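What follows is the residue order along each chain.
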Amino acid sequence: MQPSPRSIQRVLVAPDSLKGTCSAAVAAIAIEQGVLDRLSDVSVDRCPIADGGEGTLDAMVTGLALQVQVRRVSGPRLDRPFVDARFGIASDRRLAVVELAEASGLQLIEPADRDPGKTGTGGTGAMLRASLDLLEASEDHRSQVILAVGGSGTVDGGIGALSMLGVRFRAEGALLAPPLLGADLLRVDAIELPPAIRDAWRRVDLRIAVDVGNPLLGATGAARVFGPQKGADRAGVERLESGMSRWVGLLGREFGEDQVQRAAEADGAGAAGGVGFGLRVVLGAVLESGFDIVATALDLDARVAASDLVITSEGSLDAQSMMGKGPGCLLELGEKHRVPVMIVPGRIGDLADQDQRRFAGIVSLESVCGLQEATSRPSYALRAATEQLLVPLVDGR
């Protein structure tokens, strides 16, 4: 859908982060500057977005004016220093937003240290516990905890987080000290859920914002797809898969085989090394599209409908972009409301031609500035790419 140059009065600038280069908030400012350079008389609605991956906390903090809290917690590896991790709390104390990557993210692990058998989500569990302590519940309004799980450096099925939330685990009768790690999935043989822990989480809605749809086990599961990305070699992947299978069996004996099997096969169960799977089975969490959670919180549907043009961005525009990622979901919203969507990605990957044609315009940062400048000066590159993107509209005015 092509925009009519003379009809553009309001532009929605809604970029995702450019992974490893700049945040969505920084990208939004740069794109806005590019818009106003070319279309000085339009109004710009700046709305950084996320899809459950890194940057979700920042998008929610900006969009909902959350109060940022910081806790010092264990990182993904216990043999490395603790980390200062952020989470957000609403002013009415009825919503908390936790981003797993803050405490258990791959970016916290040096490449030489990456081994998902030696990493775990214990720090994320500590953040969940801290956020729960700050929430206020009432009979007429349930509080919510949103956990965005993208960007993890772990494949532990959530056992690390659960161990830090007070769930007890045993191996051959011995109580295991928290936090547990991915390798512990191969030795845990008993789980105990204290009633106080169960009841505390029943009083809130625990929502897991996932950014991929992979199941827990098998060729497209947590270990085989994401294990190598997090440092596992071939033998390590098989150990993780075996451990995850044992984890499913253990939980099945405790919580019911049919229920656990459904949870393991659900879309997103394999996200972030299966952390959402474990939290769903043990604490009753619900797995949801990360983009949908963010879009609802930011009232994105109405903001798209109120605009004449949408401009978005992400690091790589490729086939994955159309599978629940921000730009693809924004494109669907634009088509729903007949609002054209343009994009300034870092690069263009393996996106099918028919999907490229659905965008009203595409200009990559690489094509404008080259790879080195696009990564070293992302704000400049985004502004320049946006200006080039809008040239046809300026000429048509």
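Look up: the structure comes first, before these words.
Anyway, here's the lowdown on the structure attached to this text. Fair warning: this is a prediction, and the values are worked out from it, not measured in the lab.

Calculation notes
Residues numbered from 1 in each chain as written. Predicted model: local features only at pLDDT ≥ 70, side-chain atom pairs only at ≥ 80, totals over all residues. Heavy atoms only, no water. Helix = DSSP H or I, 4+ residues; strand = E, 2+ residues; numbered from the N terminus. Rg over C-alpha atoms; globule rule 2.2 N^0.38 Å. Contact = heavy atoms within 4.5 Å. Areas by Shrake-Rupley, 256 points an atom, 1.4 Å probe, with all protein chains shown as cover. Buried < 20%, exposed > 50% of the residue type's maximum accessible area, 1.4 Å probe, protein only. Arc of directions from axis to C-beta. Axes fitted to C-alpha atoms, helices over the stretch in contact; angles between N-to-C directions. Parallel < 35°, antiparallel > 145°, perpendicular 65-115°, else oblique. Left-handed = near helix turned anticlockwise from the far one by under 90°. Nonpolar A, V, L, I, M, F, W, Y, C, P; charged D, E, K, R; others polar. Core = buried A, V, L, I, M, F, W, Y, C linked by side-chain atoms within 4.5 Å. Phe/Tyr/Trp six-rings, centres within 6.5 Å; stacked < 30°, edge-to-face > 60°. Lys NZ or Arg CZ within 6 Å of the ring centre and 35° of its normal. Pairing = 2+ DSSP bridges. Polar contact = N/O pair within 3.5 Å; in protein donor to acceptor, adjacent residues only side chain to side chain. Expected span 1.5 Å × (residues − 1).

In this section: the overall build of the chain. Secondary structure summary: the chain contains 18 helices and 16 strands in total. Taking 2.2 N^0.38 as the reference for a compact globule, 397 residues should give roughly 21 Å; the C-alpha atoms of the chain span a radius of gyration of 22 Å, in line with that estimate. If one aligns the C-alpha atoms of the chain with their principal axes, the spans along those axes are about 75 × 50 × 40 Å. Taking contacts inside the chain between residues at least 6 apart in sequence as the whole, the part at least 24 apart equals 72%. For the chain, the computed accessible surface area is about 16,300 Å², with 47% contributed by carbon and sulfur atoms.

What follows is about helix 9 (residues 257-265). Those residues of helix 9 lying buried are Val260, Ala263 and Ala264. Around the axis of helix 9, the buried residues are gathered within 100 degrees of arc, so they sit on the same side. In helix 9, the exposed positions that point more than 90 degrees away from the buried face belong to Asp258, Arg262 and Glu265. Close packing links the buried residues of helix 9 with helix 8 (234-255) and helix 10 (275-283).

A word on the packing of helix 2 (residues 56-64) against helix 11 (residues 290-297). Interhelical geometry of helix 2 versus helix 11 gives an angle of 15 degrees and a closest axis separation of 10 Å. On the basis of their axis angle, the class for helix 2 and helix 11 is roughly parallel. Viewed along their axes, helix 2 and helix 11 form a crossing whose handedness is left-handed. Between helix 2, through Thr56, Met60 and Leu64, and helix 11, the contact on the second element is made entirely by Ile293, Val294 and Ala297. Within the contact of helix 2 with helix 11, the residues separate by chemical class into five nonpolar, one polar and no charged.

Nonpolar side chains in soluble globular proteins tend to be buried together. Counting 65 residues, the largest nonpolar core has Trp201, Trp247, Phe277 and Leu279 as its most contacted members. A per-element tally of this core places helix 8 first, with seven residues. Counting residues in each nonpolar core, the second largest holds 33 residues, with Val61, Ala90, Leu317 and Leu330 among its members.

What follows deals with the packing of aromatic side chains. Tallying each qualifying case throughout the model produces one aromatic pair. Over the aromatic face of Tyr380 sits the side chain of Arg377, whose NZ or CZ is 4.2 Å from the ring centroid.

Let us now look at the sheet that holds strand 3 (residues 67-73). Strand order across the open sheet formed by six strands is 3-4-5-6-10-11, with mixed pairing between neighbours. Where the open sheet ends on each side, the last strands, each with one partner, are strand 3 and strand 11 (286-289). With strand direction ignored, the average angle separating the axes of adjacent strands in the sheet is 30 degrees. Sheet topology note: the strand 5 (residues 95-99)/strand 6 (residues 143-148) ladder contains five bridges and is parallel.

A few words on the sheet that holds strand 7 (residues 168-171). Ordered in space as 8-7-9, the three strands form an open sheet in which the pairing is antiparallel. Unpaired on one side and paired on the other, strand 8 (174-175) and strand 9 (190-192) mark the two borders of the sheet. Pairing analysis gives three bridges linking strand 7 to strand 9, with the strands arranged antiparallel. From the neighbouring strand, Arg168 faces strand 9, where its bridge partner is Glu192.

Okay, the pairing of strand 12 (residues 309-312) next. Here strand 12 shows two buried faces, one formed by Leu309 and Ile311 and the other by Val310 and Thr312. As paired elements, strand 1 (residues 10-13) and strand 12 share three bridges and run parallel to each other. Each residue of the ladder has a partner; that of Val13, found in strand 12, is Ile311. Pairing of strand 12 with strand 14 (residues 341-343) involves three bridges; the strand directions are parallel. Of the residues in strand 14, the one forming a bridge with Ile311 is Met342.

Let us now look at the side chain of Ser163. By the element assignment, Ser163 lies in helix 5 (residues 159-164). A distance of 3.2 Å separates the side chain of Ser163 from the backbone nitrogen of Leu180, its partner in a polar contact.

In a regular helix each residue adds 1.5 Å, so 12 residues correspond to 16 Å; helix 17 (residues 378-389) covers 16 Å between its end C-alpha atoms and thus fits that length. Here helix 17 has its buried residues at Pro378, Ala381, Leu382, Ala384, Ala385, Thr386 and Leu389.

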